[in-house]
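Listed below, chain by chain, are the residues.
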8 protein chains.
Amino acid sequence: GFAKLDTHRGIRQGMAEVIYGAGKTKEQILKIAQAMVEEREKTVLITRMSKEAAEYVGASLDLHYDDLSRTGIVGQIPKPDGVGKIVVATGGTSDMPVAEEAALTAQVYGNEVVRLYDVGVAGMHRLMDHIEDIMSARVIVAIAGMEGALASVIGGMADCPVIAVPTSVGYGANFGGLSALLSMLNSCASGISVVNIDNGFGAGYLASMINHLEGRKE
Amino acid sequence: GFAKLDTHRGIRQGMAEVIYGAGKTKEQILKIAQAMVEEREKTVLITRMSKEAAEYVGASLDLHYDDLSRTGIVGQIPKPDGVGKIVVATGGTSDMPVAEEAALTAQVYGNEVVRLYDVGVAGMHRLMDHIEDIMSARVIVAIAGMEGALASVIGGMADCPVIAVPTSVGYGANFGGLSALLSMLNSCASGISVVNIDNGFGAGYLASMINHLEGRKE
Amino acid sequence: GFAKLDTHRGIRQGMAEVIYGAGKTKEQILKIAQAMVEEREKTVLITRMSKEAAEYVGASLDLHYDDLSRTGIVGQIPKPDGVGKIVVATGGTSDMPVAEEAALTAQVYGNEVVRLYDVGVAGMHRLMDHIEDIMSARVIVAIAGMEGALASVIGGMADCPVIAVPTSVGYGANFGGLSALLSMLNSCASGISVVNIDNGFGAGYLASMINHLEGRKE
Amino acid sequence: GFAKLDTHRGIRQGMAEVIYGAGKTKEQILKIAQAMVEEREKTVLITRMSKEAAEYVGASLDLHYDDLSRTGIVGQIPKPDGVGKIVVATGGTSDMPVAEEAALTAQVYGNEVVRLYDVGVAGMHRLMDHIEDIMSARVIVAIAGMEGALASVIGGMADCPVIAVPTSVGYGANFGGLSALLSMLNSCASGISVVNIDNGFGAGYLASMINHLEGRKE
Amino acid sequence: GFAKLDTHRGIRQGMAEVIYGAGKTKEQILKIAQAMVEEREKTVLITRMSKEAAEYVGASLDLHYDDLSRTGIVGQIPKPDGVGKIVVATGGTSDMPVAEEAALTAQVYGNEVVRLYDVGVAGMHRLMDHIEDIMSARVIVAIAGMEGALASVIGGMADCPVIAVPTSVGYGANFGGLSALLSMLNSCASGISVVNIDNGFGAGYLASMINHLEGRKE
Amino acid sequence: GFAKLDTHRGIRQGMAEVIYGAGKTKEQILKIAQAMVEEREKTVLITRMSKEAAEYVGASLDLHYDDLSRTGIVGQIPKPDGVGKIVVATGGTSDMPVAEEAALTAQVYGNEVVRLYDVGVAGMHRLMDHIEDIMSARVIVAIAGMEGALASVIGGMADCPVIAVPTSVGYGANFGGLSALLSMLNSCASGISVVNIDNGFGAGYLASMINHLEGRKE
Amino acid sequence: GFAKLDTHRGIRQGMAEVIYGAGKTKEQILKIAQAMVEEREKTVLITRMSKEAAEYVGASLDLHYDDLSRTGIVGQIPKPDGVGKIVVATGGTSDMPVAEEAALTAQVYGNEVVRLYDVGVAGMHRLMDHIEDIMSARVIVAIAGMEGALASVIGGMADCPVIAVPTSVGYGANFGGLSALLSMLNSCASGISVVNIDNGFGAGYLASMINHLEGRKE
Amino acid sequence: GFAKLDTHRGIRQGMAEVIYGAGKTKEQILKIAQAMVEEREKTVLITRMSKEAAEYVGASLDLHYDDLSRTGIVGQIPKPDGVGKIVVATGGTSDMPVAEEAALTAQVYGNEVVRLYDVGVAGMHRLMDHIEDIMSARVIVAIAGMEGALASVIGGMADCPVIAVPTSVGYGANFGGLSALLSMLNSCASGISVVNIDNGFGAGYLASMINHLEGRKE
Ligand SMILES: Nc1ncnc2c1ncn2[C@@H]1O[C@H](COP(=O)(O)O)[C@@H](O)[C@H]1O
Ligand SMILES: Nc1ncnc2c1ncn2[C@@H]1O[C@H](COP(=O)(O)O)[C@@H](O)[C@H]1O
Ligand SMILES: Nc1ncnc2c1ncn2[C@@H]1O[C@H](COP(=O)(O)O)[C@@H](O)[C@H]1O
Ligand SMILES: Nc1ncnc2c1ncn2[C@@H]1O[C@H](COP(=O)(O)O)[C@@H](O)[C@H]1O
Ligand SMILES: [Mg+2]
Ligand SMILES: [Mg+2]
Ligand SMILES: [Mg+2]
Ligand SMILES: [Mg+2]
Ligand SMILES: [Mg+2]
Ligand SMILES: [Mg+2]
Ligand SMILES: [Mg+2]
Ligand SMILES: [Mg+2]
């Protein structure tokens, strides 16, 4: 039955729970977080959380809040138990809020994360300086706005799965992230897939899932 | 350097080479395929290949051609050497051409594939009949046109990575696959990422990549 | 003539009048509502009403105001006189403002409403827990943002008319509700039709109309 | 369980089965139709069927084929057993293929259908001539391309549910039916809902469902 | 040469000058208006003018300001000298700001204007009550948001030119006026043309131009 | 009543009737045209008529057929009885089919037409050579594809109403006429309105209507 | 290697560095600017800089701030050393913020700039008054919102490269600059290319690059 | 006056004339080409020319026809007289038709062209192999479909102007070249501008214009 599925998922995903903060009041967030904490003693990840909500929740719970990505974490970030490393790369500095949402998500779900920020194609030598990280990653999260070329360039270099995150960073004909989204969907490099615009959480969660896939059972 | 990368990729991706047949003449396809076959004795996968090209290439090379997906394979499909099974699921029967492109790609790259076709949400009991396959897959390719809901439903059940492929199947306000594409990008289930509309090859390739990720080296 | 039509409608739709509050000043709303109340002693439904307008109107009239959906009701909600029950279901909690606009509209027009909130496809067992409600509804209002899959899933289960309401809830490639709208229009389940994005009133009104259709006159 | 649902649906929807002909070969259509006919002695409705397929199927089965809407019917159209009448109205003569798909679908599912074709708003007196039909319908299917105004005009007159079907008829800025679709979704008349562009079947099916809703059980 | 053209235009258009207030500071508006007034003693029309700018300009010049349409007029509205009457009709009350921009523009350019507001298709009898005005107009400005059907309905009745103005009034799938715009462009009635969304000035100006066309010179 | 309106229109529009040929069979066109001819002895204009239909109709009726615009005329083009001249201008030679539809329509409705073809803004001196025609026109139809700038340039010169017709001529980012359509709707020149993409008939008809407006009745 | 490239660029582009101010805090901007100033004694250009940031930075550094375009310049504008003159032209006064961003960028990179503002096609004689400037420019930046016709008109006159900048100025169907963008991309004049909506910096930079191209080396 | 402009242009652009073949009959093309040849003895470039037209024209004139780009050249390609070299680069082999239109256009206008085809970002080492060409170009035409990243990568390396040409090559969410177009417009590299989708001619023409700009006159 479905209830069983749910338990199964609980076990598999380990010690973390997540609250999507957008559109919830600070009181709602606190109440949900408290219920989670009491019941299961897990780490609780809160995404899209306003500073105001963070202050309110922080008064009652042990909350670490990241201003940039507007992410809150109640409890300890667990020791990494994934198979390899997750690289989180961005094209520019303005993509960093989305990148931190991805990186913190991956950490909360038990992954070692290597951050490569501002390595976009207009200054590709910065990307080249980190080629070792890219070649040794188990999964890469490539985050870019504007023309979104970073995903294709990384995808052309690396042999591991690349999760592309278009961001809404830019102006004019980027139409709220559409330009990067279409660019990434049309990448001619193989091994790339795409999540929603600005969806750092989704990318970090999927990267963690892939990084926790175990090998053959012999 | 870059040349090294390329060799590396050759080794990692195993014994298969791919030719994207769209926009190539039958003569071009034959020539490229022959060069590949001679040089490295690999299996050669040819996607988006017309029947006419298949007949032309088949006269000179040992070609297996799949009408439905318009995919050609020169040489033997290798023994599966992936870690687990790849489930390829479709919402309807009209999505089968894209699904076969994905499934054959996965097979050519050395994967065991379980096909679950026509299990869309309008007849969800058919999906339920195969819940064991879904729960035991290592990676799932969820293919659907029209409203694209299949990806969300499967993503809500399964704990493994789900690669969603929107198809251009439908009419009216599906706008060539846009409805399924947007639907899949906006999925509220976690662990889902999306490739381009009708991109069966891309999904099969990425699924294979994930299915060949090895576990911890102890 | 047309005047006759109008009277007819008044009778058929029973005791309720509606004011669309968006773009009206609080003074305008009060004036219209007072005229309605005095003239015909009906229940008056005010949609898209700001809190400020509610306070202003509430000072002069007996107003019940619902914060969440920003709906005001002057006078009594009538006893349900519809044929069956209307189920109002949502994919997530963020769809609740639209859902309450639909539910209150249906109640004001004389219907018994069953609310099934947060039963989206990412946690489908919650939907399954309420299958009895779904199977016994006379008409269902299915409200969802993001990928809008709820309408298809409910439409695949139920045998009654399903009115789908896309919401603007989400971010990125949902483009203000477009993703859910297209998804619902392309549903491969039968018996589904769609109203405008966030149009809870329209769905509740139509559901009431269907629920008041009488049977054969023998 | 789900199997039960399916049987339930079979019973409720009466004696008709439907095959969506688009993208199916004539051999596939014949095979599916024969299986349906043998197993349950029902009427079989085949939509989006090519003339060629009709000739092929007609050689083996008792098929009535309608050229205009490309609809085939195997077996007898049943006696109407709905509660009232369904009006199918179109704005122009070019909308008739979609209208016939809707009308034949409604007939196959046991409804009496009144056809009001070419009554669009540019010649509204033609619509006025049939006001009795409109006022006495139990449900109306309003079909229009170009500016789609028919649905709003009918919706403003009638007190019954109106199912609007945008068609792809037109040129230039109608963008394959988008103009009529948006127009209908934005109708300021109440009691209107919309199905996909050119989806005559969906409208006819839903109209039948509404027309078979029974009254209060006393 | 071009200078001559300009003078010609000045003469032909009579006594009015126009300032497009959007994006101009109150100081800029005052300065331009003063220059116009001093030089030629004309009426000056200021569109898209903020209340704040109106107060500022009103302190120095004899300004009449219309709150609803945010239109200012310096100097006297001239006596009508057009050939016939201009009807300005709206679908709803929310279209009135655009309508007043059109009506005041027409008046400033010397036209008699008949206002028919809130005569949309959902309550068509209100339109019918004014059929005499419509049949005797020399040119009609039809203003509507949402589904924009008003233009088609009026175009189907009247024999004079109809200038359709889509408004951005509405929500959801009206996409800032796109639904009404496409609807009006696709009108199947003859004699209709369209101006930009919310462009009351453009419609009023063109209506005046048509209404000042003189007859045959014998 | 409505019937009266219709007669009124017949009288006012003079001696011409129109058949929209798109989507009609040659037999249908002949039948409608014959009925029109017999009943009222008018000129009959047939737009969007295939060559094949023209040959078929021409065998039975006195038909003049224009290949370029695919327009047929049964009967005599009447003597011009409009007040002034209508200028029909195009940006390029590829816009000529639409232009001829407009020009022939205007002629059939009794207008003198001046054709200015291929006077687009990339070679503006050609436009300047005809400035007399432009300054003395009573109404101008400005037809252009690609960037549609012609309408603005002409609108900036002329003092008469300009009816802009975007065409689908072009490629790439013209998106079937969208670029010219948006360009024309956003024209910063006054006195311009727009009809649907490629709608030569609509422009010619409206131009005729304006050109037949009589002056003051003294 | 890449580092070498970077130095090369530094030399070639001369003495200027640029900071894209959007999305950066005033503290970040100051810090980056100070680093640049100290290290290399260049002019620093800061685009998209808020007034608040300008005040903050101006307290520590010698900053010239332009309100209109929100551009800051630290240090001296260098003497022009380009080959010819750059003309920056705008259609209207509302395009001036974008134009000043372009013009100041060009000046900072060492160019003589001729400003031709408000010379749009609705008042083309103003453009004609400056034909000498246009004919003698080495490169022209043509900036326009709304219908964007200016680029085509200038492109049709001039023989030098024209860089078109669509602006988001306008309302309604200009959809944030889309109308001007499409118009400019579809220009039928030769020698025109386009940068992103509102991208004054990009146009000024490219114009400078072209204006610094040296002739043949003999 | 304008005529003078035209002559000026003739001189400046040298010995070539261009016919845009799309939508012209073979007879029309021959006639125009013959007129050009007779009158001025120039090279005539014919773009978008069908094979059939080429055969027809080739029977009367000395025509060189390029199958791939569907470009015809009557007369001799002149000796290059530009200042430097023009690099024409493509992402894939499928972009070659557009590239050859650009390259042949540039050659016809007197430029030395270096072709770098199939150097897209998915195999970036191929691009690296040609870095000398890129660094020494005077102007680069970067042509790519799908994600269009090539323009950004080249723009990040080179110091010369880059003209980006999006192509319609691809499928699914590339929407006829929209993905590459948006990507290129949003490039974060400086010195890039964009022409219309598939507009090889426009890019080649502009590149030639830039390459013929002479240096300082001392
Ligand atoms: N269906 C497909 N969709 C997208 N890319 C493909 C497809 N099939 C093959 N490819 C890609 O095309 C490349 C081969 O392209 P080509 O050199 O043109 O044959 C492969 O490396 C794949 O990455
Ligand atoms: N949320 C809503 N969405 C669409 N239409 C509405 C809504 N609320 C009220 N209406 C319609 O608005 C009409 C009242 O409009 P008004 O006269 O502006 O108050 C009612 O008859 C309804 O048809
Ligand atoms: N090219 C055209 N575009 C739009 N409407 C047209 C066109 N030609 C004819 N019509 C309209 O179509 C009506 C005739 O339609 P029908 O009865 O289908 O022949 C006329 O009254 C015109 O309003
Ligand atoms: N591929 C092309 N795309 C756009 N414009 C072109 C193309 N080829 C030629 N042209 C333009 O078309 C003009 C010739 O058009 P035409 O007079 O129709 O032959 C030339 O001056 C070019 O500006
Ligand atoms: Mg890769
Ligand atoms: Mg899952
Ligand atoms: Mg159902
Ligand atoms: Mg109604
Ligand atoms: Mg009319
Ligand atoms: Mg004018
Ligand atoms: Mg030029
Ligand atoms: Mg560069």
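Everything that follows concerns the structure shown earlier in this document.
Note that the coordinates shown come from a computational prediction; the quantities given were computed from them, not determined experimentally.

**Student:** Which residues make up the interface of chain C and chain D, and what values go with them?
**Tutor:** The partner chain D presents 35 residues to the 36 residues of chain C that form the contact. Taking both sides of the interface into account, the surface hidden between chain C and chain D amounts to around 3400 Å²; carbon and sulfur atoms contribute 60%. It is Asp159, Leu185 and Arg216 of chain C in chain C that bury the most area against chain D; as a group they hold 20% of the surface buried on that side. Scanning the region where chain C abuts chain D turns up 6 residue pairs in polar contact (both at pLDDT 80 or more). Elements with a contribution of two residues or more to the side of chain C that touches chain D: α1 (2-12), α6 (131-136), α7 (149-157), α8 (178-185), β9 (192-194) and α9 (200-211) of chain C. In terms of residue class, the side of chain C that touches chain D is made up of 20 nonpolar, 9 polar and 7 charged.

**Student:** Tell me about the site of ligand 4, and please be specific about residues and values.
**Tutor:** Tyr171 of chain F, Ser190 of chain G together with Val18, Ile19, Tyr20, Lys24, Thr47, Arg48, Glu101, Asn199 and Phe201 of chain H make up every residue found near ligand 4. A distance of 2.6 Å separates a nitrogen atom of ligand 4 from a polar side-chain atom of Tyr171 of chain F. Between Tyr20 of chain H and ligand 4, the recorded distance is 3.0 Å, taken from a backbone N or O atom to an oxygen atom. When the free accessible area of ligand 4 is taken as 500 Å², the share hidden by the protein chains comes to 72%. Here the element with the most residues in the shell around ligand 4 is strand β1 (residues 16-20) of chain H; it accounts for 3 residues. Split by residue class, the shell around ligand 4 holds 5 nonpolar, 3 polar and 3 charged.

**Student:** Please provide a residue-by-residue account of the arrangement of the chains, values included.
**Tutor:** One finds no contact between chain A and chain F; the C-alpha atoms of the two approach each other to within 13 Å at their closest. You won't find any contact between chain D and chain G; their C-alpha atoms come no closer than 13 Å.

**Student:** Describe the coordination of the magnesium ion (ligand 5), and please don't skip the residues or the numbers.
**Tutor:** Here the magnesium ion (ligand 5) is held by Gly155 of chain A (O) and Ala158 of chain A (O), and the distances to it run 2.1 to 2.4 Å. For the pair Gly155 of chain A and Ala158 of chain A, one class covers both residues: buried.

**Student:** Describe the interface of chain E and chain G, listing the residues and the values that go with them.
**Tutor:** Counting residues at the interface gives 13 residues for chain E, matched by 9 residues for chain G. Here chain E packs against chain G, burying approximately 870 Å² in sum over the two surfaces, 61% of which is carbon and sulfur. Our count for the contact surface shared by chain E and chain G stands at 0 salt bridges. On the surface where chain E and chain G come into contact, there are 3 residue pairs in polar contact (both at pLDDT 80 or more). Of all the elements in the fold, those that place two or more residues in the side of chain E that touches chain G are α1 (2-12) and α8 (178-185) of chain E. Of all the elements, α1 of chain E adds the most residues to the side of chain E that touches chain G, at 3 residues. For the side of chain E that touches chain G, the residue count by class is 6 nonpolar, 2 polar and 5 charged.

**Student:** Summarise the coordination of the magnesium ion (ligand 12); cite the residues concerned and give the values.
**Tutor:** All names here are of chain H. Protein coordination at the magnesium ion (ligand 12) comes from Gly155 (O) and Ala158 (O), with a distance range of 2.1 to 2.4 Å. Residue Gly155 is classed as buried on the basis of its relative accessible area, which comes to 4%. The exposure class of Ala158 is buried, given its relative accessible area of 5%.

**Student:** Got a sec to walk through the site of ligand 2? Specific residues and values, please.
**Tutor:** In the vicinity of ligand 2, the residues found are Val18, Ile19, Tyr20, Lys24, Thr47, Arg48, Glu101, Asn199 and Phe201 of chain C, Ser190 of chain D together with Tyr171 of chain E. Among the chains of the assembly, those with residues near ligand 2 are chains C, D and E. In the model, a nitrogen atom of ligand 2 is placed 2.5 Å from a nitrogen or oxygen of the Tyr171 of chain E side chain. When ligand 2 sits alone it has 500 Å² of accessible area, and the protein chains cover 72% of it. Considering every element that reaches the shell around ligand 2, the biggest residue donor is strand β1 (residues 16-20) of chain C, with 3 residues. Of the residues belonging to the shell around ligand 2, the class tally is 5 nonpolar, 3 polar and 3 charged.

**Student:** Explain the environment of Glu100 of chain F to me, and be specific about the residues and the numbers.
**Tutor:** All names here are of chain F. Relative to the helices and strands, Glu100 is located in helix α4 (residues 96-108). Residue classification places Glu100 among the buried residues on the basis of a relative accessible area of 11%. Sequence spacing of Glu100 and Asp67 is 33 residues, and the spatial spacing of their C-alpha atoms is 9.8 Å.

**Student:** Tell me what's going on with the relation of the copies chain C and chain D, and back it up with residues and numbers.
**Tutor:** Superposing the two chain copies requires a rotation about an axis and a translation along that axis. Least-squares fitting of chain C to chain D yields an RMSD of 0.0 Å, with the superposition described by an axial translation of 0.0 Å and a rotation of 180°. Accordingly, the operation relating the two chain copies is best matched by a two-fold axis. When C-alpha distances to the rotation axis are compared across chain C, the minimum falls at Gly215 of chain C, with a value of 1.8 Å. Looking at chain C, 97% of its interface residues are interface residues in chain D too, so the copies touch through the same face.

**Student:** Before we move on, can you summarise the sheet that holds strand β1 (residues 16-20) of chain E with the specific residues and values?
**Tutor:** Residues and elements named next belong to chain E. Taking strand neighbours across the sheet as the criterion, the 4 strands line up as β1-β2-β4-β3 in an open arrangement whose pairing is mixed. The sheet is open, and its two edges are formed by β1 and β3 (63-66), each paired on a single side. Pairs of neighbouring strands in the sheet enclose a mean axial angle of 20°, with direction left out of account. Both strand β2 (residues 43-47) and strand β4 (residues 71-74) contribute to a ladder of 3 bridges, which runs antiparallel.

**Student:** Talk me through the pairing of strand β7 (residues 139-144) of chain C; I want residue IDs and the actual numbers.
**Tutor:** Residues and elements named next belong to chain C. Where burial is concerned, most of β7 is hidden: 6 out of the 6 residues are buried. Here β7 shows no split at all, with Val139, Val141 and Ile143 on one side and Ile140, Ala142 and Ala144 on the other all buried. Relative to β7, strand β5 (residues 85-90) is paired through 5 bridges, and the arrangement is parallel. Pairing of Ala89 across the sheet is with Ala142, part of β7. Across 5 bridges, the pairing between β7 and strand β8 (residues 162-166) is parallel. Bridging across to β8, Val141 finds its partner in Ile163. The handedness of the β7 to β8 crossover, carried by α7, is right-handed.

**Student:** Residues and numbers for the relation of the copies chain E and chain G, please.
**Tutor:** Laying chain E over chain G is done by rotating through 90° and shifting 0.0 Å along the axis; what remains is an RMSD of 0.0 Å. In the structure described here, the two chain copies are related by an operation that fits a four-fold rotation axis. Across chain E, the rotation axis passes nearest the C-alpha of Phe175 of chain E, at a separation of 7.0 Å.

**Student:** Please set out the packing of helix α4 (residues 96-108) of chain B against helix α9 (residues 200-211) of chain B residue by residue, giving values where relevant.
**Tutor:** Residues and elements named next belong to chain B. Where α4 contacts α9, the two axes come as close as 7 Å, and the packing angle between them is 35°. Two packed elements cross with a definite hand, and for α4 against α9 that hand is right-handed. Mapping the contact onto sequence places Val98, Glu101, Ala102, Thr105 and Ala106 in α4 and Gly200, Phe201, Gly204 and Tyr205 in α9. For the contact of α4 with α9, the residue count by class is 5 nonpolar, 3 polar and 1 charged.

**Student:** Hey, could you go over the state of the cysteines for me, with residue numbers and the actual values?
**Tutor:** One covalent bond between the sulfur atoms of two cysteine residues makes up a disulfide. Following the criterion strictly, the structure yields 0 disulfides over all chains and no others. Left unpaired, Cys160 of chain C is separated from the closest cysteine sulfur, that of Cys188 of chain C, by 17 Å. Given the relative accessible area of 5%, Cys160 of chain C is considered buried. Left without a disulfide partner, Cys188 of chain G is nearest to the cysteine sulfur of Cys188 of chain F, which lies 17 Å away.

Rules used throughout
Residues numbered from 1 in each chain as written. Chains lettered and ligands numbered in written order. Predicted model: local features only at pLDDT ≥ 70, side-chain atom pairs only at ≥ 80, totals over all residues. Heavy atoms only, no water. Contact = heavy atoms within 4.5 Å. Buried area = accessible area lost by both parts, 1.4 Å probe. Polar contact = N/O pair within 3.5 Å; in protein donor to acceptor, adjacent residues only side chain to side chain. Helix = DSSP H or I, 4+ residues; strand = E, 2+ residues; numbered from the N terminus. Nonpolar A, V, L, I, M, F, W, Y, C, P; charged D, E, K, R; others polar. Near = heavy atom within 4 Å. Areas by Shrake-Rupley, 256 points an atom, 1.4 Å probe, with all protein chains shown as cover. Donors = N, O, S within 2.8 Å, 3.2 Å for Na, K, Ca; no water. Buried < 20%, exposed > 50% of the residue type's maximum accessible area, 1.4 Å probe, protein only. Salt bridge = Lys/Arg side-chain N within 4 Å of Asp/Glu carboxyl O. Least-squares fit on C-alpha atoms with pLDDT ≥ 70 in both. Pairing = 2+ DSSP bridges. Axes fitted to C-alpha atoms, helices over the stretch in contact; angles between N-to-C directions. Right-handed = clockwise from strand over helix to strand, strands pointing away. Left-handed = near helix turned anticlockwise from the far one by under 90°. Disulfide = S-S within 2.5 Å.

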